[in-house]
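Coordinate inspection notes
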Amino acid sequence: MPRETPLPSDAEWKVLNALWRGHPAPARTLLERLADEDWAYNTLKTMLVRMQEKGLVRAELRGQTTWFEPAIEQRAAQRNAVRRMVERVFEGASGPLLAQLAEDQHLGASERKQLEGWIAALERKEKKRGRR
C-alpha cells in the first residue's frame, strides 16, 4: 500500500503555492515570491530540505544552484487536505461544510451558479454510473 503524502503545514502550503505559480524555481526566487512572509534565506532552505524529506518537493542541482519543484499536484493536495478536514471537523459529512461556506463566505450570485453547476454535473455522473 503506497504511503500517503503528509499534509503540509501552513508554512509549507505557502511554499507549495509559490512553486505551483511557477516551477522549477531556485530558493532565491521563492524567497522573492514569499516576501510578505519576511523569512530568512536559511529558514526557507531548511524548510525546503524538510519538505523534500517529506516528499512534498523535489530538488535538482544545476551548476551551483538547487532548483525546486512540487512533488505533488496542486489539485490532488487540495483534495487531500479538504478530505482530511471534512473527516476531522465534519465527521465525514461534506454537506455541513458547504453550508458553512455558503453562510460565512457570502457567496456571490456567480459563485452560487458555479456551485449549482458542479452539483448538477455530479448528479449526472452518478445517474450515468447507476445505469451501467
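Residues numbered from 1 in each chain as written. Predicted model: local features only at pLDDT ≥ 70, side-chain atom pairs only at ≥ 80, totals over all residues. Heavy atoms only, no water.

Section: the packing of helix α1 (residues 10-20) against helix α4 (residues 74-90)
Think of two packed helices as two axes; the pair is described by the angle between the axes and how far apart they sit. Where α1 contacts α4, the axes come no closer than 11 Å and their chain directions differ by 150°. As far as their axial angle goes, α4 and α1 are roughly antiparallel. Along this stretch, α1 crosses α4, giving a crossing that reads as left-handed. Where α1 approaches α4, its residues Trp13, Asn17 and Trp20 are matched on the opposing element by Gln74, Ala77, Gln78 and Ala81. Here the residues of the contact of α1 with α4 are counted per class, giving four nonpolar, three polar and no charged. (Axes fitted to C-alpha atoms, helices over the stretch in contact; angles between N-to-C directions. Helix = DSSP H or I, 4+ residues; strand = E, 2+ residues; numbered from the N terminus. Parallel < 35°, antiparallel > 145°, perpendicular 65-115°, else oblique. Left-handed = near helix turned anticlockwise from the far one by under 90°. Contact = heavy atoms within 4.5 Å. Nonpolar A, V, L, I, M, F, W, Y, C, P; charged D, E, K, R; others polar.)

A word on the sheet that holds strand β3 (residues 65-70)
The strands that make up a sheet pair up through hydrogen bonds in the backbone, lying either parallel or antiparallel. A sheet is described by the order of its strands in space; here three strands give the open sequence β1-β3-β2, paired in antiparallel fashion. The open sheet terminates on both sides in strands that have one partner only, identified here as β1 (25-26) and β2 (57-62). When β2 meets β3, the two strands line up antiparallel, connected through six bridges. Bridged to Glu60 within β3 is Trp67. Where α1 meets the sheet, its contacts fall on β1, β2 and β3, and the angle it forms with β3 comes to roughly 95°. (Pairing = 2+ DSSP bridges.)

Description of the nonpolar core
Grouped together as the largest cluster of nonpolar side chains are 22 residues, with contacts concentrated most on Val15, Leu30 and Leu44. Sorting the residues of this core by element identifies α1, α2 (27-33), α3 (41-54) and α4 as the ones contributing at least two each. Counting residues per element, this core draws most heavily on α1, at six residues. (Core = buried A, V, L, I, M, F, W, Y, C linked by side-chain atoms within 4.5 Å. Buried < 20%, exposed > 50% of the residue type's maximum accessible area, 1.4 Å probe, protein only.)

Quick look at α4
The terminal C-alpha atoms of α4, which comprises 17 residues, lie 23 Å apart, in line with the 24 Å expected from a rise of 1.5 Å per residue. Turning to α4, its buried residues number three or more, namely Ala77, Asn80, Ala81, Val86 and Phe90. Buried positions along α4 lie against α1 and α5 (94-104). Glu91 lies just past α4 and shows a positive phi near 55°. (Expected span 1.5 Å × (residues − 1).)

Details of the environment of Phe90
Within the secondary structure, Phe90 is located in helix α4. Not counting residues within four places of it along the chain, the set of residues in contact with Phe90 comprises Met85, Pro96 and Leu97.

Notes on the packing of aromatic side chains
Overall, the coordinates contain one aromatic pair when judged by the stated rule. Between Trp13 and Trp20, the aromatic rings sit 6.1 Å apart at their centres with planes inclined by 55°, giving tilted as the arrangement. Judged by relative accessible area, Trp20 falls into the buried class, the value being 15%. Here Arg28 stacks its cationic end above the ring of Tyr41, 3.8 Å away from the centre of that ring. The side chain of Arg62 reaches across the aromatic face of Trp67, ending 4.9 Å from its centre. (Phe/Tyr/Trp six-rings, centres within 6.5 Å; stacked < 30°, edge-to-face > 60°. Lys NZ or Arg CZ within 6 Å of the ring centre and 35° of its normal.)

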